[in-house]
Amino acid sequence: MFHYVVNTYHRKYTIRPEIYGNFSEHLGRCIYGGIYVGEDSPIPNQKGIRTDVVQALRKIHLPVLRWPGGCFADEYHWKDGIGEKKLRKKMVNTHWGGVVEDNSFGTHEFMEFCRQVGCQPYINGNVGSGTVEEMQQWIEYMTFDGQSPMSQLRRENGQEQPWKLKYFGVGNENWGCGGNMRPEFYADTYRRYATYLRNFGDNKLYKIACGPNSDDYNWTEQLMKIAGKYCNAITMHYYTNGGDAWNRKVPATGFDQEYWYRMLHNTLKMDEMITKHLQIMDRYDPEHKVDLIVDEWGSWYQVEPGTNPGFLYQQNTIRDALIAGINLNIFNKHSDRIAMANIAQMVNVLQAVILTEGEKMILTPTYHVFDLYQVHQNATLVDSWMETKEIGPEGFTCPNLHESASIGQDDTLHLTLCNLSADQKADIETTLVGEGYQLKEALMVGGNMGDYNTFEQPEAVTVKPLTSCRMKENGRELSITLPPCTVARISLAPVQR
Ligand code: AHR
């Protein structure tokens, strides 16, 4: 039996909805096929954008979407992706499979996609191979409402009004694919580029600097020292893999318990990395003016057999549901400083929430976790503590349970719980410190550790009722039995006395 205490009197911070963001890149079948099929496609679409995908993303209230990369961002020249489609320049996507990019999905299409989904755009500019002028003009093209060559060009391309754009990233992974820079050089380069990113009219940019790879604390140190005063946020990227080295990826399906625990153990490192990066940031920014954004996270496996290795197409199992649940709990608990997080990637790439094949679409276990956790968006984190025990093989142990809790704007208390055990249920005795609650709804995503959805069996893993929850009459003691390999959400309404 495990004790769980939730103190509803201790309300902490608002969980920013942007923590539940996604990332989309011109990579494999994320954009083409996954989002954009073109207006002449037999697949139902609006302005070339898949209707089924838009509907699925609206259901989880996707708050923000990052685009166009990733490594692709530092090779992308935005002017190639505007104007009449058949005149758009083609390019080779050198990072991702060497395929021809025809630029038929560009700024206008991305903004239209965000409009249909109802999410905010987060655009990542090109530092690695682009110029200051190019980046400056992109902002002017998108957001200037007066008369200028760029705003005129936008109008000629059919967009009379400027778009609203808040989030803008100055380069991606500039320590790697974005130019192999040293932190000092990037920090100075950031300062130069960011200077020319102007606020036009009432559009106010939130400028995002390229932060560290995983546990590269020196990058954070140098970046904050040199450029901290010039940005609203810095980013961090951390992918979970199960190999003993970064480049030794493990299969996405057909794994044993050892690889279940390896992946979960490595996922949990996210918490320590965030904590340490924030400690460094605090030394340079004690007033917390600069946020941390985790704009790439998720599992990275071997590609599905028979698929293009450059397309990063992988399946998604119950293990990925746990990876999502754990990461989202971690982000919730750091929501005083984490302003946004973007899972990599939205469709058909890495830990996707959606997979497509021609006209078919399936929702992954990860999607269903985003569905359960969406109640945390704009809710208030409350103080919570869970008793756990260490499980798993030596070197890759994990606590058996993981959680976060929040109170929504309608006063509903939501507990999101993960049982990391591959084979043991957990009996949890919950004490709710507060006014008293009644059980409203209990839902779960679970099954055997390797279960996943296919185009033939699209609902092998889906959201189901969690039937093993009992609230005592006093409204303060809740017994929960959580099956192994489960992510659950328990919602409780305050009792009117
Ligand atoms: O998400 C795939 C790639 O991972 C991105 O392009 C890059 O930023 C990261 O290395």
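Computed from a predicted structure; not experimentally measured. (Residues numbered from 1 in each chain as written. Predicted model: local features only at pLDDT ≥ 70, side-chain atom pairs only at ≥ 80, totals over all residues. Heavy atoms only, no water.)

Caption draft 1: Fine view of the side chain of threonine 107. Residue placement: threonine 107 occurs in helix α2 (residues 107-117). For threonine 107, the side chain forms a polar contact with the side chain of tryptophan 138, separated by 3.1 Å. Setting aside its immediate chain neighbours within four residues, threonine 107 contacts Trp67, Tyr76, Trp78, Gly81, Ile82, Trp138, Met142 and Trp163. (Helix = DSSP H or I, 4+ residues; strand = E, 2+ residues; numbered from the N terminus. Polar contact = N/O pair within 3.5 Å; in protein donor to acceptor, adjacent residues only side chain to side chain. Contact = heavy atoms within 4.5 Å.)

Caption draft 2: Quick peek at the pairing of strand β14 (residues 354-357). Note that β14 and strand β15 (residues 360-363) share four bridges and pair antiparallel. The partner of isoleucine 354 across the bridge, within β15, is leucine 363. Linking β14 to β15, which pair antiparallel, is a turn of two residues; within it glycine 358 sits at a positive phi near 55 degrees. (Pairing = 2+ DSSP bridges.)

Caption draft 3: Looking closely at the sheet that holds strand β19 (residues 401-407). Spatially, the 10 strands line up as an open sheet ordered β23-β22-β26-β20-β19-β16-β1-β21-β25-β24, and their pairing is mixed. In this open sheet, the two edge strands, each paired with only one partner strand, are β23 (464-465) and β24 (469-471). Looking at chain direction, strand β20 (residues 413-419) and strand β26 (residues 486-494) are connected through seven bridges and run antiparallel. The residue of β26 that forms the bridge with histidine 414 is serine 491. Set on the sheet, helix α8 (residues 318-333) makes contact with β1 (2-14), β16 (380-386), β19, β20, β22 (437-446) and β26; between it and β19 the angle comes to about 50 degrees. (Axes fitted to C-alpha atoms, helices over the stretch in contact; angles between N-to-C directions.)

Caption draft 4: Inspection of the site of the ligand at higher detail. The immediate surroundings of the ligand are formed by 13 residues, with Glu25, Cys71, Glu173, Tyr239 and Glu296 found nearest. Here an oxygen atom of the ligand sits 2.7 Å away from a polar atom, N or O, in the side chain of glutamate 173. Residue tyrosine 239 places a side-chain N or O atom 2.7 Å away from an oxygen atom belonging to the ligand. When the ligand sits alone it has 280 Å² of accessible area, and the protein chains cover 93% of it. In terms of residue class, the shell around the ligand is made up of seven nonpolar, three polar and three charged. (Near = heavy atom within 4 Å. Areas by Shrake-Rupley, 256 points an atom, 1.4 Å probe, with all protein chains shown as cover. Nonpolar A, V, L, I, M, F, W, Y, C, P; charged D, E, K, R; others polar.)

Caption draft 5: Main features of the environment of serine 421. Residue placement: serine 421 occurs in the loop between β20 and β21 (426-433). Separated by 63 residues in sequence, serine 421 and proline 484 have C-alpha atoms that sit 5.3 Å apart. Other than its neighbours up to four places away in sequence, serine 421 contacts Trp260, Tyr261, Ile391, Asn400, Pro484 and Cys485. Of the polar contacts made by the side chain of serine 421, one reaches the backbone nitrogen of aspartate 423; its length is 3.1 Å.

Caption draft 6: Looking closely at the pattern of salt bridges. Taken as a whole and assessed by the stated rule, the structure comprises 24 salt bridges. Across the pair lysine 89 and aspartate 80 runs a salt bridge whose closest N-O atoms are separated by 3.8 Å. Ionic pairing is found between arginine 155 and glutamate 160, a salt bridge with its closest N-O pair at 3.3 Å. We classify arginine 155 as buried; its relative accessible area is 16%. It is possible to trace a salt-bridge network through shared partners that takes in Arg66, Asp295 and Glu296. (Salt bridge = Lys/Arg side-chain N within 4 Å of Asp/Glu carboxyl O. Buried < 20%, exposed > 50% of the residue type's maximum accessible area, 1.4 Å probe, protein only.)

Caption draft 7: Fine view of the packing of aromatic side chains. Evaluated as defined, the whole model comprises 20 aromatic pairs. Ring geometry for phenylalanine 72 against tyrosine 76: centres 5.4 Å apart, planes inclined by 35 degrees, an arrangement best described as tilted. As far as the burial class goes, phenylalanine 72 and tyrosine 76 line up, both buried. For the pair tryptophan 138 and phenylalanine 168, a centre-to-centre distance of 6.2 Å together with 85 degrees between the ring planes defines the contact as edge-to-face. Highlighted residues: tryptophan 138 in helix α3 (residues 132-143) and phenylalanine 168 in strand β9 (residues 167-170), separated in sequence by 30 residues. Residues tryptophan 138 and phenylalanine 168 agree in their burial class; the two are buried. Here the aromatic cluster, defined as three or more aromatic residues joined through ring pairs, consists of Tyr32, Tyr36, Trp67, Phe72, Tyr76, Trp78, Phe105, Phe110, Trp138, Tyr141 and Phe168. Above the face of the phenylalanine 23 ring, arginine 66 is positioned so that its terminal group lies 4.6 Å from the ring centre. Cation over ring: arginine 319 sits above phenylalanine 255, and NZ or CZ is 3.6 Å from the ring centre. (Phe/Tyr/Trp six-rings, centres within 6.5 Å; stacked < 30°, edge-to-face > 60°. Lys NZ or Arg CZ within 6 Å of the ring centre and 35° of its normal.)

In short, shape yes, function no, at least from these values alone.
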